[in-house]
Amino acid sequence: MDPTAWQLWLIAAIVLGVLEIKLSGFVTLWFAVGALMASLMAGVGLGFNSQLFVFTVVSAALFGASRTIFKHVFMRDAVHLKTGVEAMLGQEAVVTEALGDGSGGTVRINGELWMARSLSGPLPEGERVTVEQIEGLKLWVRRPSASPEVALHSARQKKKENAGWD
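Residues numbered from 1 in each chain as written. Predicted model: local features only at pLDDT ≥ 70, side-chain atom pairs only at ≥ 80, totals over all residues. Heavy atoms only, no water.

Caption draft 1: Structural view of the overall build of the protein. Along the backbone of the protein there are five helices and five strands. If you list the helices and strands of the protein from N to C, you get α-α-α-α-β-β-β-β-β-α. Expressed as a percentage of its 166 residues, the buried residues of the protein come to 30%. Within the protein, counting contacts between residues at least 6 apart in sequence, those at least 24 apart form 42% of the total. (Helix = DSSP H or I, 4+ residues; strand = E, 2+ residues; numbered from the N terminus. Buried < 20%, exposed > 50% of the residue type's maximum accessible area, 1.4 Å probe, protein only. Contact = heavy atoms within 4.5 Å.)

Below, the structure is given as structure tokens:
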């Protein structure tokens, strides 16, 4: 008994489905669905070109939409995880080299040393500060008790005065 086109497409869909189970990444699943649709088109009696067109369109559409599907259906309640410099905003650091009014120093945060500027006046070595903003590889810090509004105004003024400091 010779296999017909719909049987070949069905076998392809099953093989791709098994590969999807064995592999990670949700890639072959979309091609399996495309092969299943092509199998249905072959069963209806459409020609090979039409079957191939349906396979290609369905597979490409599902593959292209898969990120959106997963993001909106499966990840809608996921919490955004802050990493890298984004995670440092609002964290506490320790001054390791005193920060003066017109000069920068260094702070230790998460075990790393960073160049820093003070938003709340001179800060002695050993004082705990809060990271308010990040500008390149420079942290702008303030005392935890300092008012954020005063600190922001002070940062803008110091930024103008020390535009060349890097």
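Caption draft 2: Region of the structure containing the sheet that holds strand β2 (residues 105-109). Here five strands make up a closed barrel; going around it, the order is β1-β2-β3-β5-β4 and the pairing mixed. Averaged over all neighbouring strand pairs, the angle between strand axes comes to 55 degrees, with direction disregarded. (Pairing = 2+ DSSP bridges. Axes fitted to C-alpha atoms, helices over the stretch in contact; angles between N-to-C directions.)

Caption draft 3: Expanded view of the pattern of salt bridges. Under the counting rule described, the total for this entry stands at four salt bridges. The residue Glu 132 makes a salt bridge to Arg 142 at a minimum N-O spacing of 2.7 Å. Of this pair, Glu 132 sits in strand β4 (residues 128-135) while Arg 142 is found in strand β5 (residues 138-142), placing the two residues ten residues apart along the sequence. A residue is classified by how much of its surface remains accessible, and Glu 132, at 29% relative accessible area, is partly exposed. Look at Arg 142 and you get buried, because its relative accessible area is 9%. Lys 138 is the partner of Glu 135 in a salt bridge, and the nearest nitrogen-oxygen pair spans 3.5 Å. The exposure class assigned to Glu 135 is partly exposed, which follows from its relative accessible area of 28%. (Salt bridge = Lys/Arg side-chain N within 4 Å of Asp/Glu carboxyl O.)

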